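Secondary and tertiary structure notes
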Amino acid sequence: MPAAALAVTALAVAAVAAQIAYPLAHGSARDVVTVLVVALLAATCLTHAAVHRGVPWATGLFVISAGLGFTSEVVGTATGFPYGCYAYATDRLGPALFDVPLVVPLAWTAGLYPVWCVASRLTERDASRIAAATVGMVGWDLYLDPQMVADGQWTWCHGSALPGLTHIPLSNYAGWVAVAAVMATALTALDRVSRRSRGDDTVPIALFLWTWLGSALAHAVFLDAPELRWSAVYGLAAMGLLGVPLLVSLRRDLRAHRNQRRRAGTPPDL
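In what follows, the accompanying structure is described. A quick note: this is a predicted structure, and the numbers were derived from the prediction, not measured. Residue numbers run consecutively from 1 along every chain, following the written order of its sequence. pLDDT decides what is reported in this predicted model: residues at 70 or higher carry local features, side-chain atom pairs at 80 or more are listed and counted, and totals for whole chains, interfaces and linings draw on all residues regardless. To obtain the side-chain values, all non-hydrogen atoms of the structure were included, while hydrogens and water were left out.

Take the nonpolar core next. Nonpolar cores are built from buried Ala, Val, Leu, Ile, Met, Phe, Trp, Tyr and Cys residues. Side-chain atoms within 4.5 Å join them into one set. To sort residues, take the accessible area from a 1.4 Å probe on protein chains only and compare it with the maximum for the residue type: under 20% means buried, over 50% means exposed, and anything in between is partly exposed. By size, the foremost hydrophobic cluster in this structure holds 74 residues, and its most contacted members are Trp57, Trp108, Met137, Leu187 and Phe208. Runs of H or I in DSSP of at least four residues are treated as helices and runs of E of at least two as strands, each being numbered from the N terminus. In terms of residue count, helix α4 (residues 103-122) provides more of this core than any other element does, twelve residues in total. Those residues in contact with leucine 187, other than ones at most four positions away along the chain, are Trp57, Leu61, Ile64, Leu112 and Trp116. Every residue pair with non-hydrogen atoms within 4.5 Å of one another is taken to be in contact.

This part is about unusual backbone geometry. Cis geometry marks the peptide bond from phenylalanine 81 to proline 82, where omega comes out at 10°. Here proline 82 is to be found in the loop between α3 (55-79) and β1 (86-88). For aspartate 91, which is not a glycine, the phi torsion comes out positive at approximately 60°. Within the fold, aspartate 91 resides in the loop between β1 and β2 (96-97). Overall, aspartate 91 belongs to the exposed group, its relative accessible area being 71%. Phi is positive for phenylalanine 98, close to 55°, though the residue is something other than glycine. Along the chain, phenylalanine 98 turns up in the loop between β2 and β3 (100-101). We classify phenylalanine 98 as exposed; its relative accessible area is 56%.

Take the environment of glycine 54 next. Relative to the helices and strands, glycine 54 resides in the loop between α2 (28-53) and α3. The exposure class assigned to glycine 54 is buried, which follows from its relative accessible area of 4%. Placed 145 residues apart in sequence, glycine 54 and glycine 199 show a C-alpha to C-alpha distance of 10.0 Å.

Shown next as structure tokens:
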């Protein structure tokens, strides 16, 4: 395995290991693990993008996801637009700028890239890819927000909410639709000007599947907060709008690979 691919895999494994450690940590140790998870996931995504799509594309990804994400969070905490009224806890997630922890923009990168890679696999049409990525990001937030609110990392003021998730207003998800759509549109434009193909997306696709299925299991079983039983259902269903077609696509590719090996007279994979 080339050194760059090995580095991407090592970062992804470390990120998953940190996520597994999250339910086992408590207090300030859990805060450290939270920051570590986000940093490792973002590093995995940016490194993978640089290796398989080129450094300019990876730079664009960072500017679009972290830059727009940070801007929306600064505006959001100051004005309540576009997510609703909310505030981050003080001194929980490391250094902050304009009352937004600096690790938060990296979370946008960590969430957007795997979702974008899956959306790009499922469809090549710009409008469909933007819509799929937007849906996937909202599904990802249906895990993220309830988990972080249950852990006290940020709090909401008021507003109508989904059944079972009474501490998070519906305006939050409307804001995610708007911001994610803008990010996906910008990534579409970035793809148009890029002259490099996307390469092997195995790692980000694996991270998507891990987030979709692993988060549902963690929220339903391993994290001790009643509202997370609801987020397990919501997140599983919403991310499943991409996850189920992805599994069908992967199964179809595996079947085609086996048929090709059979025609070539090669023994099937074990």
